[in-house]
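Observations on the model geometry
Chain by chain, the residues:
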Amino acid sequence: MEIERNTINKLCRVLRRKFVDILLWLPAFIFSCLTLVGIIPPKHIGFSCKDVLIQHPFEGDTITGAMLFGSLVFGPALLFFVTEAAYNHPITIRTHFQHCYKQWLTVLGNFLLGFVYVLFITELMKTLVGELRPHFLQTCKPDWSNINCSQGIITEYKCTNKGPYWLVQVDIHKSFPSGHTSLSFYTLVFVSLYAQVRIRHTSRSHLIKSWVQLLFLSWTLVCSLTRISDYCHFWWDVLAGSLVGIIGGFVIVRYFVHNNFDSVEKRRRRK
């Protein structure tokens, strides 16, 4: 009876803690979703007819949004599970599997929490700044018959492009900072620090830790630099996005999973 009571009390404490986490996480997630679909519109600023920086062509994204989110969520999730399974080998033993599953959920949950917060900060900055993308004129196709370029900065204009609403009316006003860059750099920092602490040097390979870090670094550079070559962002957008991601990664690891990583490292050294 006492054991059951302790178990129930422990479960209640966990549920209360998770409930608070969800309350903190949910507003950031909802805001990000509303800005992504355009329900919360970005700031609209004017443009100059002679501004060559916004006259670049647009032929699509090398790394689409689906590719970005899929790789940056499922890739780390798989890495976390394989690493925790190796730490708790063999996972065919029930207690080993339970510990593996618990650790995997803990690390993945912390990672996704930071992922949403970095997305929130990125979307908030995009919404407040409203910087025009390099392909603004081609994508918008403003009605030139109602525009007098001699006025200098044009603030009243109408886009005539019949493309998707989210692209023509929303996305072309969200150049700063680069979301691809901020999310990919956040993932790079988190995964690199996780690998540094959690992946063991095995007798089979002493380079697996470095290989994992190099793999995510390469993918981060691809996700970031193609934003410039695709004329979706300016170089300063990518630079700002990298700073947001790097700072976000270190903050999440420092304040949410630092103690967990430290305890794991101490146990590993004692072994």
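Everything here concerns the structure above.
What this report covers is the structure whose coordinates are included nearby. Remember, predicted model here, so these are calculated numbers, not experimental data. (Residues numbered from 1 in each chain as written. Predicted model: local features only at pLDDT ≥ 70, side-chain atom pairs only at ≥ 80, totals over all residues. Heavy atoms only, no water.)

Its 22 residues place the ends of helix H7 (residues 208-229) 31 Å apart at the C-alpha level, agreeing with the 32 Å of an ideal helix rising 1.5 Å per residue. Those residues of H7 not exposed but buried are Lys 209, Val 212, Gln 213, Phe 216, Thr 220, Cys 223, Ser 224, Thr 226 and Arg 227. (Helix = DSSP H or I, 4+ residues; strand = E, 2+ residues; numbered from the N terminus. Expected span 1.5 Å × (residues − 1). Buried < 20%, exposed > 50% of the residue type's maximum accessible area, 1.4 Å probe, protein only.)

Here we take up the packing of aromatic side chains. One pass over the full model with this rule turns up 19 aromatic pairs. Between the aromatic rings of Phe 47 and Trp 144, the centroid separation amounts to 6.2 Å while the plane-to-plane angle is 85 degrees, which identifies the pairing as edge-to-face. Within this pair, whereas Phe 47 is found in strand E1 (residues 47-48), its partner Trp 144 is found in the loop between helix H4 (136-140) and strand E2 (153-154), the two being separated by 97 residues in sequence. In this structure Phe 47 comes out as buried when scored by relative accessible area, which is 2%. A ring pair is formed by Phe 69 and Phe 115, whose centres lie 6.0 Å apart and whose planes are at 65 degrees; its orientation type is edge-to-face. Placement of the pair is Phe 69 in helix H2 (residues 65-87) and Phe 115 in helix H3 (residues 94-129), with a sequence separation of 46 residues. Taken together, Phe 69, Phe 80, Phe 111, Phe 115, Tyr 186, Phe 190 and Tyr 194 form an aromatic cluster joined through their ring pairs. (Phe/Tyr/Trp six-rings, centres within 6.5 Å; stacked < 30°, edge-to-face > 60°.)

Moving on to the state of the cysteines. For the structure on display, the rule yields two disulfides. Covalent S-S linkage joins Cys 140 and Cys 159, the inter-sulfur distance amounting to 2.0 Å. Between Cys 140 and Cys 159 the sulfur-sulfur dihedral comes to about -100 degrees; the bridge is accordingly left-handed. Residue Cys 140 is found in helix H4, and its partner Cys 159 is found in the loop between E2 and helix H5 (165-170); the two are separated by 19 residues along the sequence. Overall, the relative accessible area of 0% leaves Cys 140 in the buried class. Judged by relative accessible area, Cys 159 falls into the buried class, the value being 12%. (Disulfide = S-S within 2.5 Å.)

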